[in-house]
Amino acid sequence: MLGWALVFFIFAILAGIFGFLGIASALAGIAKILFVVFIVLFIASLIFGGRRRA
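Residues numbered from 1 in each chain as written. Predicted model: local features only at pLDDT ≥ 70, side-chain atom pairs only at ≥ 80, totals over all residues. Heavy atoms only, no water.

On to the overall build of the protein, then. The secondary structure content of the protein amounts to 2 helices and 0 strands. Residues classed as buried in the protein amount to 13% of the 54 residues present. For the protein, the accessible surface area stands at approximately 4300 Å², while carbon and sulfur atoms represent 80% of it. (Helix = DSSP H or I, 4+ residues; strand = E, 2+ residues; numbered from the N terminus. Buried < 20%, exposed > 50% of the residue type's maximum accessible area, 1.4 Å probe, protein only. Areas by Shrake-Rupley, 256 points an atom, 1.4 Å probe, with all protein chains shown as cover.)

Below is the structure:
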């Protein structure tokens, strides 16, 4: 999922460079959402994964 966030981030930068402001903001929003979801799932896996081992 972090890979998808990076892909959308790169597309947002490229769209911003070429002047597609509406597309750039939409892609940046998707990248932000995917990044937050990735962080939440990562923290959850650290918490719940640690409990299984103990």
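Turning to a nonpolar patch on the surface, a few remarks are in order. A contiguous nonpolar surface patch, about 1200 Å² in accessible area, is contributed by Trp4, Val7, Phe9, Ile10, Phe11, Ile13, Leu14, Ile17, Phe18, Phe20 and Ile23. The leading source of residues in the nonpolar patch is helix 1 (residues 2-18), at 9 residues. Residue position: isoleucine 10 is located in helix 1. (Patch = residues over 30% accessible without salt bridge, like charges linked within 9 Å, V, L, I, M, F, W, Y side chains within 5 Å. Salt bridge = Lys/Arg side-chain N within 4 Å of Asp/Glu carboxyl O.)

Below, the discussion takes up the packing of aromatic side chains. Within this structure, the stated rule accounts for 1 aromatic pair. Ring plane angle 20° and centroid distance 6.3 Å describe the contact between phenylalanine 38 and phenylalanine 42, whose orientation is recorded as stacked. Of this pair, phenylalanine 38 and phenylalanine 42 both sit in helix 2 (residues 21-53), 4 residues apart, which is roughly one turn of that helix. Classification of phenylalanine 38 as partly exposed rests on a relative accessible area of 26%. Since its relative accessible area comes to 42%, phenylalanine 42 is described here as partly exposed. (Phe/Tyr/Trp six-rings, centres within 6.5 Å; stacked < 30°, edge-to-face > 60°.)

The next subject is the environment of phenylalanine 35. By the secondary structure assignment, phenylalanine 35 is in helix 2. We classify phenylalanine 35 as partly exposed; its relative accessible area is 43%. Each C-alpha atom of the pair phenylalanine 35 and leucine 2 lies 6.1 Å from the other, and the pair is 33 residues apart in sequence. Ignoring any residue separated from it by four or fewer positions in sequence, one finds phenylalanine 35 in contact with Leu2 and Ala5. (Contact = heavy atoms within 4.5 Å.)

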